[in-house]
Amino acid sequence: MAYDRFAAICKPLHYVQIMNKACCRWLVTGALAVAFSYASLNTFPALKLDFCGKRFIRHFSCELTSVLALSCTDTFSNLTLLLITSGIFAISSFTVILFSYIHIISTILKLNSPEAKRKTFSTCSAHLIVVALYYITGCFRYMRPNSVSSVIVDGLFSIQYSILTPMMNPLIYSLKNREVKEAIKKLMG
């Protein structure tokens with residue numbers, strides 16, 4: 001999305017040539033490759049763990065940190081690997097988004113028309129809201145020490161970034177649409 005916004009705002013006359021089917025395939029393939037490598041790097045070492053005693057995960061989804069907590073063997077290396085890979089992938093993707101938006105904002109500030117600036121910021125604001133919701137809750141969930149861990153708080157953060165953010169995504173993006181805004185105003189009275 002950040003690259004799409006970058007191409008649409010910073011290179012509007014070349015958007016169709018930039019965001020062609022080959023580019024979209026490349027972006028999707030890259031995202032899948034990153035997701036598969038992240039999952040593989042953390043899942044395969046977890047397959048070597050032994051589990052004994054209770055096998056009840058106190059979450060609605062089976063996340064790696066919850067599985068590691070059930071292991072009766074030492075999980076320090078798994079947790080370290082999870083922290084390192086989470087940090088690398090989160091920082092690298094956040095950096096790409098940050099640089100895209102730095103270019104976008106510098107392009108917006110060069111626009112002469114206040115209406116054009118408002119419309120362009122409106123286009124970007126929905127994506128920034130979704131990114132912020134996802135990154136903030138994901139980082140709070142995975143990038144903090146276990147000593148401040150709470151099952152209830154972990155569950156709430158997990159719900160936020162895995163269910164609420166994707167569920168709110170269409171709503172957030174549709175709020176840019178004038179017809180949707182007018183329908184909500186009419187509904188609210």
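Residues numbered from 1 in each chain as written. Predicted model: local features only at pLDDT ≥ 70, side-chain atom pairs only at ≥ 80, totals over all residues. Heavy atoms only, no water.

Asker: Could you clarify how one ought to interpret the overall build of the chain in this entry?
Answerer: Each helix and strand counted, the chain has eight helices and zero strands in total. Listing every helix and strand of the chain by position from the N terminus yields α-α-α-α-α-α-α-α. Its C-alpha radius of gyration of 21 Å places the chain more than 25% over the 16 Å reference for a compact globule of 189 residues. Taken along the three principal axes of its C-alpha coordinates, the chain extends 65 × 45 × 30 Å. Buried residues in the chain amount to 27% of all 189 residues. (Helix = DSSP H or I, 4+ residues; strand = E, 2+ residues; numbered from the N terminus. Rg over C-alpha atoms; globule rule 2.2 N^0.38 Å. Buried < 20%, exposed > 50% of the residue type's maximum accessible area, 1.4 Å probe, protein only.)

Asker: Honestly, the packing of aromatic side chains in this entry has me stumped. Any pointers?
Answerer: Given two aromatic rings, their pairing is described by the distance between the two centres and the angle made by the two planes. In this structure the tally under the stated criterion is three aromatic pairs. Ring geometry for tyrosine 38 versus phenylalanine 89: centroids 5.4 Å apart, planes at 85 degrees, classification edge-to-face. Within this pair, whereas tyrosine 38 is found in helix H3 (residues 21–46), its partner phenylalanine 89 is found in helix H5 (residues 76–110), the two being separated by 51 residues in sequence. Judged by relative accessible area, phenylalanine 89 falls into the partly exposed class, the value being 22%. (Phe/Tyr/Trp six-rings, centres within 6.5 Å; stacked < 30°, edge-to-face > 60°.)

Asker: Help me understand the packing of H3 against H5, please; the structure alone is not making it clear to me.
Answerer: The geometry of a pair of packed helices is captured by two quantities: the angle between their axes and the separation between those axes. Here H3 crosses H5 at 170 degrees, and the two axes come no closer than 9 Å. The pairing of H3 with H5 is recorded here as roughly antiparallel in orientation. Where H3 approaches H5, its residues Val34, Ser37, Tyr38, Leu41, Asn42, Pro45 and Ala46 are matched on the opposing element by Asn78, Leu81, Leu82, Thr85, Ser86 and Phe89. Class assignment for the residues of the contact of H3 with H5 results in eight nonpolar, five polar and no charged. (Axes fitted to C-alpha atoms, helices over the stretch in contact; angles between N-to-C directions. Parallel < 35°, antiparallel > 145°, perpendicular 65-115°, else oblique. Contact = heavy atoms within 4.5 Å. Nonpolar A, V, L, I, M, F, W, Y, C, P; charged D, E, K, R; others polar.)

Asker: Would you take a moment to explain the state of the cysteines for this structure?
Answerer: Simply put, disulfide is the name for a covalent bond between the sulfur atoms of two cysteines. A complete count under the given rule lists one disulfide for this structure. In this model cysteine 52 forms its disulfide with cysteine 72; the gap between the sulfur atoms is 2.3 Å. Highlighted residues: cysteine 52 in the loop between H3 and helix H4 (64–70) and cysteine 72 in the loop between H4 and H5, separated in sequence by 20 residues. The class for cysteine 52 is partly exposed, based on a relative accessible area of 41%. Cysteine 72 sits in the partly exposed class, given a relative accessible area of 44%. (Disulfide = S-S within 2.5 Å.)

Asker: What's the story with the nonpolar core in this structure? I'm lost.
Answerer: Nonpolar side chains in soluble globular proteins generally cluster together in the buried interior. With 11 residues, the main nonpolar core is built from Ala2, Phe6, Ile9, Ala90, Ile97, Tyr101, Ile104, Ile108, Cys124, Val131 and Tyr135. Considering every element that reaches this core, the biggest residue donor is H5, with five residues. Beyond its immediate sequence surroundings of up to four residues, cysteine 124 is in contact with Ile9, Tyr101 and Ile104. (Core = buried A, V, L, I, M, F, W, Y, C linked by side-chain atoms within 4.5 Å.)

Asker: It is not clear to me how a positive patch on the surface should be interpreted in this structure. Could you clarify?
Answerer: There is a patch of like positive charges on the surface, built from Lys119, Arg178, Lys181 and Lys185. Tallying contributions element by element places helix H8 (residues 178–188) first for the positive patch, with three residues. Structurally, arginine 178 is set in helix H8. (Patch = residues over 30% accessible without salt bridge, like charges linked within 9 Å, V, L, I, M, F, W, Y side chains within 5 Å. Areas by Shrake-Rupley, 256 points an atom, 1.4 Å probe, with all protein chains shown as cover. Salt bridge = Lys/Arg side-chain N within 4 Å of Asp/Glu carboxyl O. Lys, Arg positive; Asp, Glu negative; His and termini not counted. Charge placed at Lys NZ, Arg CZ, Asp CG, Glu CD.)

Asker: How do you make sense of H5 when you look at a structure like this?
Answerer: Think of an α-helix as 3.6 residues a turn; residues three or four steps apart then line up on the same face. Along its 35 residues, H5 runs 50 Å from first to last C-alpha, staying within 8% of the 51 Å computed at 1.5 Å per residue. Among the residues of H5, Asn78, Leu82, Thr85, Ser86, Gly87, Ala90, Ile97, Ser100, Tyr101, Ile104 and Ile108 are the ones counted as buried. (Expected span 1.5 Å × (residues − 1).)

Asker: Help me out: how do you make sense of the layout of surface pockets in this one?
Answerer: Rolled over the atoms, a probe sized like a water molecule indicates the empty space that remains. Of the volumes computed, that of the largest pocket is approximately 1700 Å³. Val34, Phe89, Ser93, Tyr134 and Tyr135 are, among the 42 residues lining the largest pocket, the residues nearest its centre. Only helix H1 (2–10), H3, H5, helix H6 (114–142) and helix H7 (151–174) provide two or more residues apiece to the lining of the largest pocket. In terms of residues, the lining of the largest pocket owes the most to one element, H3, which gives 12 residues. Along the lines of polarity and charge, the residues of the lining of the largest pocket split into 29 nonpolar, 11 polar and two charged. (1 Å grid on protein atoms, 1.4 Å probe; cavity = no way out; pocket = protein on both sides within 12 Å on 5 of 7 lines; lining within 4 Å. Points joined across faces, edges and corners; volume = space filled by probe spheres on them.)

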